Amino acid sequence: MREATIVRNTSETQIKLSLNLDEASRGKIDTGSGFLNHMLDLFQVHGGFSLNVECHGDTYVDMHHSIEDIAICLGEAFVKCLGDKKGIERYGFYFVPMDEALARVCLDFSNRIGFVWNAKLPNSTVGAENMPVSLFEHFFKSLAENARMNLHVELFYGSDNHHCLEAIFKAFARAAAMAVAPSRNVKGVPSSKGTL
């Protein structure tokens, strides 16, 4: 089983996050935000992963610290789960429609950081708590940095922020599932250099 548990305690957040790439059982997610809970649940369901998140953060300020630190933990969990990356596909890409919205995510577990966010959302906030949508760009950037991946996120169109972000999270989940899957042919490290 490729699984990892990450604990992160700061003056702003206390987080315990567990990720299992090889089990599709639905974990418990409590981030302090109903909307972020929903997005991370979509990630585990559509990726075929098991994710558990318990976060106690300074949400009386806003969700910035919690969303950033959860992304840091998730990125670190990917690194721990994948190890030397022997025998994985490495690359993943997926288009996902969600009603009127269409998103594409492409990624590479390359051990190099690259991040592109080409996703202009139609409104400035989302969810019952009116979370700023700018936090989701920050979430994926922090995730890419800590998973040491190339991550390109594109939103082609969409008029509802919920649908747009749902399409992005589902596309990320499916792309990640493709990338961590066993390689069709490569048994060792999927790189001409022999290491990532």
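Now for a look at the structure at hand. Treat the numbers as computed from the prediction; the structure is a model and nothing was measured.

**Remarks on the nonpolar core**
- Ranked by internal contacts, the top residues of the largest apolar core, which has 64 residues, are Leu17, Leu19, Phe78, Leu107, Phe136, Phe139 and Phe172.
- The element that contributes the greatest number of residues to this core is helix α4 (residues 161-180), accounting for 12 residues.
- Look past the residues within four positions of Phe139 in its chain and what remains in contact with it is Leu40, Ile67, Ile70, Ala71, Leu74 and Phe169.

**Here's the deal with the sheet that holds strand β10 (residues 150-157)**
- The mixed open sheet is built from four strands, whose spatial order is β5-β6-β10-β7. Each edge of the open sheet is held by one strand with a lone partner, namely β5 (91-98) and β7 (114-118). Ignoring strand direction, the axes of neighbouring strands in this sheet form an average angle of 10°.
- Lying on the sheet, helix α3 (residues 134-147) is in contact with β7 and β10; it crosses β7 at an angle near 160°.
- The strands that α4 touches are β5, β6 (101-108), β7 and β10; relative to β5, the one it contacts most, it runs at about 150°.

**Describing helix α2 (residues 64-82)**
- Compared with an ideal rise of 1.5 Å per residue, which puts 19 residues at 27 Å, α2 spans 27 Å between its outermost C-alpha atoms and is within 8% of the ideal.
- Counting buried residues in α2 gives 14 out of 19 residues, a clear majority hidden from the surface.
- Looking one or two residues beyond α2, the residue adopting positive phi is Gly83, at roughly 55°.

**Concerning the packing of aromatic side chains**
- Scanning the model with the defined rule gives 14 aromatic pairs in all.
- Aromatic side chains Phe136 and Phe169 sit 6.0 Å apart centroid to centroid with 85° between the ring planes, which places their arrangement in the edge-to-face category. One end of the pair, Phe136, is in helix α3; the other, Phe169, is in helix α4, and 33 residues separate them in sequence. When sorted by exposure, Phe136 lands in the same class as Phe169, which is buried.
- Ring geometry for Phe140 against Phe172: centres 5.6 Å apart, planes inclined by 70°, an arrangement best described as edge-to-face. Here Phe140, found in helix α3, pairs with Phe172, found in helix α4; they are 32 residues apart in sequence, far enough to count as distant. Here Phe140 matches Phe172 in class, with each residue buried.
- Ring pairs connect the aromatic residues Phe35, Phe43, Phe49, Phe78, Phe109, Phe115, Trp117, Phe136, Phe139, Phe140, Phe169 and Phe172, which therefore count as one cluster.

**Remarks on the side chain of Ser18**
- Take Ser18: it is sitting in strand β2 (residues 13-20).
- Within the local environment of Ser18, its side chain forms a polar contact with the side chain of Thr5, the two groups lying 3.0 Å apart.

The rules we used
Residues numbered from 1 in each chain as written. Predicted model: local features only at pLDDT ≥ 70, side-chain atom pairs only at ≥ 80, totals over all residues. Heavy atoms only, no water. Core = buried A, V, L, I, M, F, W, Y, C linked by side-chain atoms within 4.5 Å. Buried < 20%, exposed > 50% of the residue type's maximum accessible area, 1.4 Å probe, protein only. Helix = DSSP H or I, 4+ residues; strand = E, 2+ residues; numbered from the N terminus. Contact = heavy atoms within 4.5 Å. Pairing = 2+ DSSP bridges. Axes fitted to C-alpha atoms, helices over the stretch in contact; angles between N-to-C directions. Expected span 1.5 Å × (residues − 1). Phe/Tyr/Trp six-rings, centres within 6.5 Å; stacked < 30°, edge-to-face > 60°. Polar contact = N/O pair within 3.5 Å; in protein donor to acceptor, adjacent residues only side chain to side chain.

By themselves these figures say nothing about function.
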